[in-house]
Amino acid sequence: MKKIRLVYPQWQGADIARWIPNIPEEDSSRGYYLGAMLLNWLAPKTDCETFTVPVSTDYRERLVTDGIFDKGILIKQTKAALEILDIANPDKVVTLGGECSVSVPVFTWLNAKLKSDVAIIWMDAHPDVTLPSDDYNGYHAMALSACMGMGDKDIINKLPSKILPDNVCLAGLREYEYPYIKERVKELGLMHFSPESISRDSKDLLDWIRNTGKKKVMIHFDMDVLDPSDILAAVADGPEGGLKLKEAVRIINDIAKEFELIALTVAEPMPRIAIRLKRMLSQLPLI
């Protein structure tokens, strides 16, 4: 049983500078890069092999192509991640990101390897089922759509598989952003649990997994599923009412106790203080 850690500091899938006005756009936009590196530094040491997906840190004019920011760069980095997976050929993957789309290559690759015998728990404040034709052009908000084979064909055609909506559950969902996104979740028939429904125990979520008949699970853990009044680890400082940190940890561990956890992604950490300290250090005469 081969396990790997994948450090995937991709930031180009997000357009988030507007929500962090006290940090210059260039630094806030690349904040997920630093966030991924910090997660790897903070995470417990592991005996499993660690791979890092090569991600450009060049900051230039951000162009929208076919409804997606930095599409060409995202395709290149997706191919690099898939090449690492092909060479390493893991059975289990821990991914430290990076914005939400870092789960896409990993989940679709493992789903193909296991012939779709896997369920996805998408722990996120948002459903991430937007499409390139929608109002927002950030690919990270299209991540779950891409996992299900929906979206830009240049990207989708490079992914190893698509995951059926019946095998996907949204956990901690509390913000749709647009009415048509709520309708899309309904049309896809995606099971979803509010933070309130899973904050005290994991019973309903575990029952859903049992009912799928799947024994293997992949979990996507977006930091914005957490209540910002408990810990401000993501971009947005609202709305409140998300999962507490200890509740999110409990849910993931409850799943891992009963099912085989083959993939865990930790995504979208936005280390505001570290970004500001890094900027401060760059302005000091240290060399």
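Every chain is numbered independently, its residues counted from 1 as its sequence is written. Totals for whole chains, interfaces and linings use every residue, but because this is a predicted model, local features are given only for residues with pLDDT of at least 70 and side-chain atom pairs only at 80 or more, for both listing and counting. Based on all heavy atoms of the structure, the side-chain values leave hydrogens and waters out of the count.

*Asks:* What is the right way to look at the pairing of strand β9 (residues 216-222) in this model?
*Replies:* Across a regular strand the side chains alternate sides, sitting on one face of the sheet and then on the other. Buried means the residue's accessible area, taken with a 1.4 Å probe over protein chains only, is under 20% of the maximum for its type, while exposed means over 50%, and partly exposed covers the values in between. A run of H or I in DSSP becomes a helix once it reaches four residues, and a run of E becomes a strand once it reaches two; helices and strands are each numbered from the N terminus. The element β9 is largely enclosed, with a buried count of six among its seven residues. When DSSP finds two or more bridges between two strands, those strands count as paired. Relative to β9, strand β6 (residues 119-123) runs parallel, the two sharing five bridges. By the bridge assignment, Ile121 is partnered in β9 with Ile219. Bridge count for β9 against strand β10 (residues 260-267) is seven bridges, and the pairing is parallel. Among the inter-strand pairings, Lys216 is bridged to a residue of β10, identified as Glu260.

*Asks:* Help me understand the packing of aromatic side chains in this model?
*Replies:* The geometry of an aromatic ring pair is captured by two quantities: the separation of the ring centres and the angle between the planes. Each Phe, Tyr or Trp ring, with Trp reduced to its six-membered ring, pairs with another whose centre is within 6.5 Å; inter-plane angles below 30 degrees give stacked pairs, above 60 give edge-to-face pairs, and intermediate values give tilted ones. Following the criterion strictly, the structure yields three aromatic pairs and no others. Relative to Trp122, the ring of Phe107 has its centre 6.2 Å away and its plane inclined at 85°; by these criteria the two rings are edge-to-face. Of this pair, Phe107 sits in helix α4 (residues 103-113) while Trp122 sits in strand β6, placing them 15 residues apart in sequence. The criterion for a charge sitting over a ring is simple: Lys NZ or Arg CZ within 6 Å of the ring centre, and within 35 degrees of the ring normal. Above the ring of Trp19, the side-chain terminus of Arg18 is found at 4.7 Å from the ring centroid.

*Asks:* Is there a simple way to think about the pattern of salt bridges in this case?
*Replies:* When charged atoms on two side chains of opposite charge get close, those side chains can pair. Each salt bridge in this description consists of a side-chain nitrogen of Lys or Arg and a carboxyl oxygen of Asp or Glu lying within 4 Å of one another. Following the criterion strictly, the structure yields 18 salt bridges and no others. As a salt-bridge pair, Lys71 and Asp66 come within 2.6 Å of each other at their nearest N and O atoms. Lys71 sits in the buried class, given a relative accessible area of 5%. Across the pair Lys203 and Asp207 runs a salt bridge, and its minimum N-O distance is 2.8 Å. With Lys203 and Asp207 both in helix α9 (residues 203-212) and four residues apart, this pair spans about one turn of that helix. For Lys203, a relative accessible area of 51% puts it in the exposed group. By sharing partners, the salt bridges in this structure join Glu26, Asp27, Arg30 and Arg279 into a single network.

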